[in-house]
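Per-entry structural report
Here are the chains, one letter per residue:
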Amino acid sequence: MIRKSFYMLWGTQTVSNIADIVYQLSLITLVFTTSGSLVTTIFIPLLRLLSKMVSGLVAPVVMARYPLTSILLGSQLGQFVVFTGLIGYLWLAPTPYFPLVFLTVIGMSFLDGWTDPARNALIPRLAEGEGLIKANGLMSVSDQIVRCSGWALGGIIVAVIGALPTMWIASVSYFLAMFFTAFIRDPYARAGLTAAPEAVDGEANNTVSKPSYGDQLSSGWKALLANRRVRLIAIIDNIDTLGGAAWIGAFVLAFVIQVLHQDVSWLGFMNAGFFIGSIVGGLLVVAIGKRIWTNAYLYMLVSLMIYVAIAVAFALNVYPIPALILLMLTGLPVQVAGVIRSTLIQQNLTPAEAPSVMSALSALSNLTFALAMLFLSWFADRFGMRDMYLLAGLLTTVAVIVGYVCRSVFRKELSESYETEEMAVVNKA
């Protein structure tokens with residue numbers, strides 16, 4: 001079952017993602033054309049990543065105190081106010097003051113760091129049973145469509161009307177996302193379930209014990225370590241991420257130039273091909289959700305092995321057209337495995353645990369990805385691009401082996417604690 005509020009969440013997150021891409025593209029263009037310095041411009045994505053990492057670490061404190069819908073609304077309101085203020089300043093200032101621009105990026109990224117954990121924790125409250133994997137598939141498809149088309153269309157818009165006027169599109173998009181978020185209804189919040197389990201004292205004295213900040217910051221990590229299923233998925237995900245960083249634009253560009261001996265334009269073809277495959281993968285999950293639901297864990301491992309086979313073929317190939325086709329095919333199993341991974345995590349967390357655990361997983365994933373980029377950069381310089389993609393396939397193979405060896409954790413046994421709490425809360429609501 002999928003509640004109506006999910007579709008509202010789906011729409012607002014799509015609009016919010018459009019705003020994020022347009023704001024990044026317009027700011028990058030403005031800073032680069034004004035400064036003429038690539039080093040100065042690179043601060044925008046770098047500060048964005050670092051700020052979101054810090055935000056993810058403190059997110060459990062926020063999520064322990066406020067409903068998820070209020071966090072989403074507050075995040076979008078804050079980004080709208082901060083970004084609109086920056087537009088007003090840039091409109092009046094003859095020359096932008098870059099430290100102020102960077103401070104704006106830090107502030108917006110810090111607020112945005114709460115969005116993904118809150119959204120991922122909210123989805124299983126708005127979609128249940130077989131509808132959960134369909135909901136994750138729909139959200140994934142919209143994410144990929146926005147990423148695929150947003151940068152291309154945004155670039156055209158910036159080229160036609162300029163960076164500063166384009167920023168108003170992002171500002172209006174933030175406002176629309178904020179407006180419609182106000183109509184999302186969380187059934188668990190209505191039942192009074194907004195804080196982590198540690199916040200509730202025993203029934204004997206009917207009092208509520210306020211946990212310390214340290215307890216709130218560590219609650220997600222403790223729950224992650226205590227939950228065997230979620231812990232296993234996190235291990236698989238992070239091992240896979242170590243190799244998955246090989247598909248960022250800089251590495252693909254180096255492969256295009258050094259191995260395929262093509263120009264920079266092929267990077268655009270490669271990115272478009274990967275996104276098309278990802279969109280098809282998301283639609284496939286939506287179409288066969290019932291079949292996947294019966295044995296989701298096995299489907300995840302099979303999808304990862306299919307990805308490994310394609311990645312190895314990609315690494316060994318030296319011709320551009322087959323490389324484009326292989327990269328397009330790569331997007332499909334990667335997306336299927338990713339949607340299933342998200343669904344398995346959501347299935348095996350109670351509604352109270354989900355916000356803090358999602359925050360911990362987000363912070364861990366960002367850290368792993370950053371370390372993976374550094375490691376793979378060194379490896380590619382030392383051994384070459386083809387060996388780097390072979391290593392990426394090897395790392396995912398290790399993740400699959402770990403998953404297969406530990407498959408007994410996911411043998412068919414219902415998560416009774418989750419279902420009991422979910423039914424009790426919904427009935428109460």
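Residues numbered from 1 in each chain as written. Predicted model: local features only at pLDDT ≥ 70, side-chain atom pairs only at ≥ 80, totals over all residues. Heavy atoms only, no water.

Here's the deal with the overall build of the chain
Assigned secondary structure in the chain consists of 19 helices and zero strands. Within the span of the chain, comprising 429 residues, buried residues form 51% of the whole. Of all intrachain contacts in the chain linking residues separated by at least 6 positions in sequence, the fraction that spans at least 24 positions is 86%. Approximately 19300 Å² of the chain is accessible, and the part contributed by carbon and sulfur atoms is 70%. (Helix = DSSP H or I, 4+ residues; strand = E, 2+ residues; numbered from the N terminus. Buried < 20%, exposed > 50% of the residue type's maximum accessible area, 1.4 Å probe, protein only. Contact = heavy atoms within 4.5 Å. Areas by Shrake-Rupley, 256 points an atom, 1.4 Å probe, with all protein chains shown as cover.)

Focus: the packing of aromatic side chains
Counted by the stated rule, this structure contains 26 aromatic pairs. Among the aromatic residues, ring-to-ring pairing joins W247, F255, Y307, F314 and Y389 into one connected group. In this structure, R382 packs its charged tip against the face of F383, placed 5.0 Å from the ring centre. Positioned above the aromatic ring of Y404, the side-chain terminus of R407 is 4.1 Å from the ring centre. (Phe/Tyr/Trp six-rings, centres within 6.5 Å; stacked < 30°, edge-to-face > 60°. Lys NZ or Arg CZ within 6 Å of the ring centre and 35° of its normal.)

Describing a nonpolar patch on the surface
On the surface, a cluster of nonpolar side chains totalling about 530 Å² of accessible area is made up of L153, I156, I157, V160, I161 and I169. Sort the elements by how many residues they give to the nonpolar patch and helix α7 (residues 130-161) lands first, with five residues. When you line up the elements, I156 lands in helix α7. (Patch = residues over 30% accessible without salt bridge, like charges linked within 9 Å, V, L, I, M, F, W, Y side chains within 5 Å. Salt bridge = Lys/Arg side-chain N within 4 Å of Asp/Glu carboxyl O.)

Re the pattern of salt bridges
Here the idea is simple: oppositely charged side chains can pair when their charged atoms come close. Counted under the stated rule, the structure contains seven salt bridges. A salt bridge links R3 to E128; its shortest N-O distance comes to 2.8 Å. In this pair, R3 sits in the segment before α1 (4-35) while E128 sits in the loop between α6 (115-126) and α7, placing the two residues 125 residues apart along the sequence. Of the two residues examined, R3 and E128, each falls in the buried class. Between D143 and R119 there is a salt bridge, with the nearest N and O atoms lying 3.2 Å from each other. Of the two residues, D143 is situated in helix α7 and R119 in helix α6; the sequence distance between them amounts to 24 residues.

Things to note about the packing of helix α12 (residues 249-258) against helix α18 (residues 385-405)
The geometry of α12 relative to α18 is characterised by a closest axis approach of 10 Å and an angle of 135° between their N-to-C directions. Classed by the angle they form, the pair α12 and α18 counts as oblique. Every residue of α18 that contacts α12 at F251, V252, A254, F255 and Q258 is listed here: M385, R386, M388 and Y389. Looking at the contact of α12 with α18, its residues break down into seven nonpolar, one polar and one charged. (Axes fitted to C-alpha atoms, helices over the stretch in contact; angles between N-to-C directions. Parallel < 35°, antiparallel > 145°, perpendicular 65-115°, else oblique. Nonpolar A, V, L, I, M, F, W, Y, C, P; charged D, E, K, R; others polar.)

Digging into the environment of A177
Here A177 is to be found in helix α8 (residues 163-181). Overall, the relative accessible area of 1% leaves A177 in the buried class.

A look at unusual backbone geometry
Phi is mostly negative for residues that are not glycine, and the peptide bonds are mostly trans. A positive phi angle is found at H261, which is not glycine, with a value near 55°. In this fold, H261 is placed in the loop between α12 and α13 (265-287). Overall, the relative accessible area of 62% leaves H261 in the exposed class.

Section: helix α15 (residues 296-316)
For α15, spanning 21 residues, the distance from its first C-alpha to its last is 31 Å, which sits close to the expected 30 Å at 1.5 Å a residue. Elements in contact with the buried residues of α15: α11 (228-244), α12, α14 (289-294), α16 (320-347) and α18. (Expected span 1.5 Å × (residues − 1).)

Description of the nonpolar core
F6, L9, Y297, M300, I340 and L344 are the most contacted members of the largest nonpolar core, which totals 53 residues. Beyond its immediate chain neighbours, meaning those up to four positions away, F6 contacts I123, L126, A135, L138 and M139. Core analysis: the next-biggest nonpolar cluster, separate from the first, contains 33 residues, V259, I310, A372 and M385 among them. (Core = buried A, V, L, I, M, F, W, Y, C linked by side-chain atoms within 4.5 Å.)

Considering the packing of helix α3 (residues 43-65) against helix α5 (residues 98-112)
It is at 7 Å that the axes of α3 and α5 come closest, and there the two elements cross at 35°. Two packed elements cross with a definite hand, and for α3 against α5 that hand is right-handed. Note on element contacts: α5 touches α3 through F102, V105, I106, S109, F110 and D112, opposite F43, I44, L47, R48, S51, K52, V54, S55 and V58. Here the residues of the contact of α3 with α5 are counted per class, giving nine nonpolar, three polar and three charged. (Left-handed = near helix turned anticlockwise from the far one by under 90°.)

Here we look at the environment of I2
Of note, I2 is situated in the segment before α1. As a C-alpha pair, I2 and I123 span 121 residues in sequence and 9.4 Å in three-dimensional space. Ignoring sequence-local partners within four residues, the contact set of I2 consists of Y7, L126, A127, G131, K134 and A135.

A closer look at the confidence of the model for the chain
Across the chain, the average pLDDT comes to 82, with 88% of residues at 70 or higher. For residues 195-208, every residue scores under 50 in pLDDT, and the model assigns this stretch 14 contacts once sequence neighbours within four places are set aside. Contacts for the low-pLDDT stretch residues 413-429, under 50 throughout, to residues beyond four places or in other chains number 26 contacts. (pLDDT = per-residue confidence, 0-100.)

Side note on the side chain of R229
Along the chain, R229 falls in helix α11. At 3.0 Å, the side chain of R229 and the side chain of N348 are in polar contact. (Polar contact = N/O pair within 3.5 Å; in protein donor to acceptor, adjacent residues only side chain to side chain.)

Quick look at the environment of M139
In this fold, M139 is placed in helix α7. The class of M139 is buried, set by a relative accessible area of 2%. Residues M139 and V339, 200 residues apart in the sequence, show an inter-C-alpha distance of 9.2 Å. Among all residues touching M139, those that are not within four sequence positions of it are F6, L9, W10, Q13, R119 and I123.

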